Amino acid sequence: MKTIFDNPLKILEHIRKNNLNEIWSSYSTPKSIDAIRLNAYTPIYEESYVKYLSKKCTRMDKNKVICNGTLQVPEEDIERNVIHTLKCSNPKCRKYKRIIYRWINSKDKHKLHFNTPEKVDEYATQGRAFYGTLSLHDKQVIQPKVQYVNEKLIKACSLGIDIDIKSGNILDLNNREDLQKTIDIVSEELNTFIPNSYNIQTSGNGVQILVHHNLCRVNVFETMAKMNGLIIHLDSIRKEKGITKTKIDPLNTPGRLFKLIGSPHQKYDLVCIPINENLMKMESNEFKLENFNINKYRDDNKKLLFYNKCDVNETKSLYEVLDKNIIKHPEWGERALRYKFKDVVELTTNQKQDFTPEEELEFQNQIDEETDRIFGWKKFNIETPGRVHYKEKENNFIIQIYASDNDKQKILKEFKNKVIDTKLQHNTFNLESEFFKKLVR
Ligand SMILES: [Zn+2]
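Residues numbered from 1 in each chain as written. Predicted model: local features only at pLDDT ≥ 70, side-chain atom pairs only at ≥ 80, totals over all residues. Heavy atoms only, no water.

(A) Spatial organisation of the overall build of the protein. Counting its secondary structure elements, the protein contains 13 helices and 16 strands. Evaluated residue by residue, the protein yields a buried proportion of 53% over its 441 residues. Long-range contacts, defined here as pairs at least 24 residues apart, represent 66% of the contacts in the protein between residues at least 6 apart. (Helix = DSSP H or I, 4+ residues; strand = E, 2+ residues; numbered from the N terminus. Buried < 20%, exposed > 50% of the residue type's maximum accessible area, 1.4 Å probe, protein only. Contact = heavy atoms within 4.5 Å.)

In structure tokens form, the structure reads like this:
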């Protein structure tokens with residue numbers, strides 16, 4: 001089934017009719033603080049663009065055969081007239097790439113920021129789904145070379161809780177029932193300390209809960225980390241209660257994107273709406289893009305009933321409860337999470353982060369296990385400033401290197417050297433892999 005938004009002008013009309021250009025620009029440029037959210041979007045469907053995006057898949061399989069499939073917009077998305085991922089055409093290859101644009105354009109890598117309604121209008125004919133960061137940054141962050149994780153520039157954060165549906169979407173009543181049960185778990189907990197400061201919205205594929213950024217303006221970085229600790233705790237309650245169709249992921253990191261209110265979903269004709277009642281009492285039609293009307297979410301004084309819950313008197317209990325939460329979950333406590341970001345923070349702020357040798361040992365062990373368990377990534381310890389995560393897949397290594405450009409080569413070399421050591425000690429690396437051969441050369 002084709003999307004009803006098969007023409008860029010329809011998206012522009014949707015945005016203008018519902019005043020989303022003003023809503024998004026004021027949400028991304030809040031008056032209450034001298035800081036901004038950054039924005040992003042998935043591109044509008046265009047046949048020529050589908051062709052432009054398509055490229056050879058260079059993934060290598062177990063037998064060192066290069067895939068040779070084509071990395072392209074999948075057929076089902078072409079049929080629907082949406083672009084949000086690239087998938088490999090070879091059914092045996094599972095290469096997958098999410099498409100999201102965070103910059104002004106392909107030539108100008110300043111980060112996108114909706115500072116005015118006109119700026120939103122400008123992108124309204126280029127994008128389909130629109131996003132804003134949870135974190136609020138000093139304006140300098142838009143410079144191309146500045147990293148989101150630069151702690152000095154993080155001024156505040158909407159603490160986010162992302163409840164995902166594992167399969168299908170919110171129109172499925174079984175999914176919606178589990179979503180509501182998961183919201184209940186989260187609300188029950190939040191009501192004990194910040195009952196008037198969190199806001200709920202859908203993303204089309206699930207539900208997102210946002211704690212207002214005016215509560216989180218001090219020690220932002222570590223508070224995000226502590227919030228993740230609370231989320232891990234909440235997700236374990238979800239599991240204990242046998243709720244299987246959802247999951248809650250610890251996603252509070254600098255630069256993390258949440259959908260903007262009224263934004264179309266990137267794939268389905270669903271829309272991001274505020275949730276102010278029980279999901280099971282809502283009509284399926286209300287989640288559909290075609291029925292969106294911003295005026296349904298205004299009170300008698302025309303005030304928007306979205307991201308409107310904020311009681312700064314609850315700030316103290318937010319910080320207190322998150323502090324206590326560390327004791328409940330030491331492996332996701334403040335010090336451990338600060339340690340997790342240590343290298344990047346030091347790199348971007350030039351401020352040394354101190355840990356006792358006991359902490360170093362403890363956190364490193366925990367993090368090696370945790371990153372593996374949650375994200376499938378392992379951390380590779382390096383001496384060069386920076387951070388390296390890697391996965392080993394089909395005799396290949398996928399490496400993420402966070403470091404200055406000058407240090408990347410050095411780190412790669414270090415990785416190579418330590419891979420040899422690790423190989424000798426633990427016998428976990430495949431020296432015959434093409435990737436490894438390339439490194440050794
Ligand atoms: Zn492939």
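(B) Highlighting the pairing of strand β1 (residues 39-43). Across the 5 residues that make up β1, a large majority, 5, are buried. Relative to strand β6 (residues 127-133), β1 runs antiparallel, the two being bridged by 4 bridges. Counterpart to P43 in the pairing with β6 is G127. (Pairing = 2+ DSSP bridges.)

(C) A look at the coordination of the zinc ion. For the zinc ion, the full set of protein donor atoms is C57 (SG), C67 (SG), C88 (SG) and C93 (SG), at a range of 2.3 Å. Coordination at the zinc ion is tetrahedral, judged from the 4 donor atoms that bind it and the angles of 95 to 116° they form at the metal. Owing to a relative accessible area of 2%, C57 belongs among the buried residues under this scheme. (Donors = N, O, S within 2.8 Å, 3.2 Å for Na, K, Ca; no water. Tetrahedral: all angles 85-135°; square planar, octahedral: opposite > 155°, others 65-115°.)

(D) Structural view of the pattern of salt bridges. Inspection of every chain in the model, using the stated rule, returns 14 salt bridges. Close ionic contact of K10 with D6 constitutes a salt bridge, the shortest N to O distance being 2.8 Å. With a closest N to O distance of 3.7 Å, E76 and K87 form a salt bridge. Of this pair, E76 sits in helix α4 (residues 75-80) while K87 sits in strand β4 (residues 85-88), and the two are 11 residues apart along the sequence. If you follow the salt bridges from partner to partner, you end up with E76, D77, K87 and K267 in one network. (Salt bridge = Lys/Arg side-chain N within 4 Å of Asp/Glu carboxyl O.)

(E) Structural context of the sheet that holds strand β13 (residues 257-259). Spatially, β1-β6-β13 is the arrangement adopted by the 3 strands of the open sheet, whose pairing is antiparallel. Across the chains shown, the open sheet's two edge strands, defined by having one partner strand only, are β1 and β13. Between one strand axis and the next, the sheet turns through 35° on average, direction left out of account. Bridge count between β6 and β13: 3 bridges; the pairing is antiparallel. (Axes fitted to C-alpha atoms, helices over the stretch in contact; angles between N-to-C directions.)

(F) Main features of the nonpolar core. Of all hydrophobic cores here, the largest spans 85 residues; its most connected members are W24, F130, L159, I161, I163, L190 and I209. In terms of residues, this core owes the most to one element, helix α7 (residues 220-240), which gives 7 residues. Those residues in contact with I163 that lie beyond four places of it in its chain are L179, T182, I183, V186, G206, V207, I209, T246, K247 and I248. (Core = buried A, V, L, I, M, F, W, Y, C linked by side-chain atoms within 4.5 Å.)

(G) Expanded view of helix α6 (residues 173-190). With 18 residues, α6 should reach 26 Å at 1.5 Å per residue; the first-to-last C-alpha distance of 25 Å fits that figure. Within α6, the full set of buried residues consists of N175, R176, D178, L179, Q180, T182, I183, I185, V186, S187, E189 and L190. In this structure D172 caps α6, since a side-chain oxygen of it lies 2.8 Å from the backbone nitrogen of N174. (Expected span 1.5 Å × (residues − 1). Polar contact = N/O pair within 3.5 Å; in protein donor to acceptor, adjacent residues only side chain to side chain.)

(H) The arrangement of the packing of helix α1 (residues 8-17) against helix α5 (residues 117-124) in detail. Contact geometry for α1 and α5: axes closest at 9 Å, N-to-C directions at 155°. When the axis of α1 is compared with that of α5, the two are roughly antiparallel. Judged by the twist between their axes, the crossing of α1 over α5 is right-handed. Contacts between α1 and α5 involve P8, I11, L12, I15 and R16 from the former and V120, D121 and A124 from the latter. (Parallel < 35°, antiparallel > 145°, perpendicular 65-115°, else oblique. Left-handed = near helix turned anticlockwise from the far one by under 90°.)

These figures capture arrangement, not role.
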